[in-house]
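# Residue-level structure breakdown
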Amino acid sequence: MKKIPFILNLSGALLICTAAVYGLPFNSRISSDELSQLKQGKVLIRNIDYASKMCLESDNEGAQKLLKDIKDLKPTYLAEVIQIRPYKGNENLPQRLVEKLMNIQEYIGIPYYSEQHDSYYDLYSSATIISDSVREDGTTHDVKADLTMEPFGVIHSTIELDTPEKYIYYISTNDNALWYFDKFKCANPGKMKSAILLFRDGDNWVLYGVGGVNAIKIIFFEKRIETSFINRIKTFCNYIFEKI
């Protein structure tokens, strides 16, 4: 029995070593198979439920900001969307990402696949910019927008985009309570966040998307609401990755 802790520690150490060999900014919560997928340029999607299971680990200021924002959310549903791209040949990736994220009108018509109905729908059926401003520092963009997403209706959203030299960080937060088909309140204001981070790590760009909800548990509808939230967050992050 005394050998078990040693074995567990050894397993964690091997994963850490694997991440180090790959030269990627992740911790032992990511598997060697997942790391291999990232090295192949694939988009990795992880349903992880809790902030404690996030795999991102970096001293980058943007990464630290994202990790704090999501941990403070205390999500009950959470998912990561990750991709690694070579820096060489993608030097203008930050500009492409900012352009795509800030073209909010293009959010309309993002294809969303509904598992329940086995059909495609628009992720957002409308997107209206209420206000748009840049702070005095010149690197932080603030947007207020109304985004219509069924089954939650109009989501009054605060969008913040930070564009300093070492990272691009986008985060969207709901300002109003979210209702499931106008029947049940499933999230209070400020309890749903979608974030996308881009930073350079050695010879690579790291694209890291994460979305979470601190949702109100509703008996008999919990799984359906979880699917509605998480699949939509994953769809948005994956769409942005594909378009840049």
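## Comments concerning the state of the cysteines
- In the structure shown here, the tally under the stated rule is zero disulfides.
- Free of any disulfide, cysteine 186 has its nearest cysteine sulfur in cysteine 237, 19 Å distant.
- Given a relative accessible area of 1%, cysteine 237 falls into the buried group.

## Quick word on the side chain of lysine 234
- By the secondary structure assignment, lysine 234 is in helix 5 (residues 222-243).
- Residue lysine 234 is classed as buried on the basis of its relative accessible area of 16%.
- Contact partners of lysine 234, with chain neighbours within four places excluded, come to Ile45, Asn47, Ala79 and Val81.

## Points about the packing of aromatic side chains
- One pass over the full model with this rule turns up nine aromatic pairs.
- Taken together, a centroid distance of 5.2 Å and an interplanar angle of 55° make the contact between tyrosine 113 and tyrosine 120 tilted.
- Seen from their ring centres, tyrosine 180 and phenylalanine 181 are 5.0 Å apart, and the 70° between their planes marks the pair as edge-to-face.
- Every member of this aromatic cluster is reached through a ring pair, and the members are Tyr107, Tyr124, Tyr170 and Phe236.
- The side chain of arginine 200 reaches across the aromatic face of tyrosine 87, ending 3.6 Å from its centre.

Rules used in this analysis
Residues numbered from 1 in each chain as written. Predicted model: local features only at pLDDT ≥ 70, side-chain atom pairs only at ≥ 80, totals over all residues. Heavy atoms only, no water. Disulfide = S-S within 2.5 Å. Buried < 20%, exposed > 50% of the residue type's maximum accessible area, 1.4 Å probe, protein only. Helix = DSSP H or I, 4+ residues; strand = E, 2+ residues; numbered from the N terminus. Contact = heavy atoms within 4.5 Å. Phe/Tyr/Trp six-rings, centres within 6.5 Å; stacked < 30°, edge-to-face > 60°. Lys NZ or Arg CZ within 6 Å of the ring centre and 35° of its normal.

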